[in-house]
Amino acid sequence: MADLVSRLQAAVPAMGGLPTDEQYRHAIMDAVEALNDRMSRRKIATLSIVSGTASYNLPADFVRMIRLDGLLSGDGVMISPEGIIPMNAAMREETWTINNGQITFYPTPGYSMTREMEYGAGHVLAEEAYAEMGSAEARLALMHAQAMCLTWQANAAAAQAWSYQIGDERVSKEQLATGLREQAKDLERQFWAAVNSRIGPVGMWG
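Residues numbered from 1 in each chain as written. Predicted model: local features only at pLDDT ≥ 70, side-chain atom pairs only at ≥ 80, totals over all residues. Heavy atoms only, no water.

**Some words on the packing of helix α1 (residues 2–11) against helix α3 (residues 135–159)**
1) Next: Running from N to C, α1 and α3 cross one another at 50°; their axes reach a closest spacing of 10 Å. The orientation of α1 with respect to α3, classified from their angle, is oblique. Considering how the two elements wind past one another, α1 and α3 form a crossing that is right-handed. Residues Leu4, Arg7, Leu8 and Ala11 of α1 form the contact with α3, whose participating residues are Ala138, Arg139, Leu142, Ala145, Gln146 and Cys149. (Axes fitted to C-alpha atoms, helices over the stretch in contact; angles between N-to-C directions. Helix = DSSP H or I, 4+ residues; strand = E, 2+ residues; numbered from the N terminus. Parallel < 35°, antiparallel > 145°, perpendicular 65-115°, else oblique. Left-handed = near helix turned anticlockwise from the far one by under 90°. Contact = heavy atoms within 4.5 Å.)

Quick look at the structure:
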């Protein structure tokens with residue numbers, strides 16, 4: 001995080017006190033979230049289902065579910081690593097929801113088994129580092145963060161719009177706001193073009 005913030009500060013120096021140190025940091029975090037949403041990586045994990053327990057914690061880097069094993073077969077039984085598990089009528093209607101880092105099964109499982117899942121994983125900030133982030137992803141995150149910082153500066157300049165003239169030279173904060181906003185839009189276009197190029201038509205990579 002310290003390295004990313006330092007690089008962002010060098011790319012978009014503070015102007016009139018903006019961005020603040022905290023805003024630089026939040027720009028990085030928001031940019032990584034945007035990257036996670038569009039460029040999650042495939043991972044595999046297991047859920048240890050316990051009879052009578054409906055909700056289970058998902059991995060910290062979970063973004064979206066791709067596949068959850070342990071589906072019912074046509075004859076009303078579930079095939080699991082532990083063997084064949086007969087299911088009653090209610091269990092055959094099993095569904096699940098995901099909210100706030102947990103998966104909840106409905107109805108509450110009446111069986112115990114290990115279920116493998118494939119999921120889209122994002123980058124998680126832990127101990128002030130994105131441990132699994134490569135240099136290419138860092139460059140993309142910085143591009144999006146730069147756009148955010150320039151937009152903040154543009155909004156501030158527009159709110160304080162004034163102009164003055166010295167001889168033939170006219171200085172205008174309105175022009176500054178427009179220039180900053182155009183830079184931000186250009187960076188955003190580059191960011192999304194690069195992300196779409198990386199993920200291809202399937203919407204996920206890695």
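**Focus on the pattern of salt bridges**
1) Next: On inspection of all chains with the given rule, the structure shows 10 salt bridges.
2) Next: Across the salt bridge formed by Asp61 and Lys43, the nearest N and O atoms sit 2.7 Å from each other. With Asp61 in the loop between β2 (55–57) and β3 (62–68) and Lys43 in strand β1 (residues 41–49), the pair connects residues that are 18 residues apart, well separated along the chain.
3) Next: One network of salt bridges, with partners in common, ties together Arg42, Arg67, Asp69, Glu116 and Glu118. (Salt bridge = Lys/Arg side-chain N within 4 Å of Asp/Glu carboxyl O.)

**Here we look at the nonpolar core**
1) Next: Of all hydrophobic cores here, the largest spans 32 residues; its most connected members are Leu4, Leu8, Ile28, Leu35, Tyr130, Phe191 and Val195.
2) Next: Counting 15 residues, the second-largest nonpolar core is a separate cluster that includes Ala45, Ile49, Leu58 and Tyr119. (Core = buried A, V, L, I, M, F, W, Y, C linked by side-chain atoms within 4.5 Å. Buried < 20%, exposed > 50% of the residue type's maximum accessible area, 1.4 Å probe, protein only.)

**Quick word on the sheet that holds β2**
1) Next: Across the sheet, three strands lie side by side as β2-β7-β6; this open sheet has antiparallel pairing. With one partner strand each, in any of the chains shown, β2 and β6 (95–99) form the two edges of the open sheet. Across the sheet, the mean angle from the axis of one strand to that of its neighbour is 25°, orientation sign disregarded. (Pairing = 2+ DSSP bridges.)

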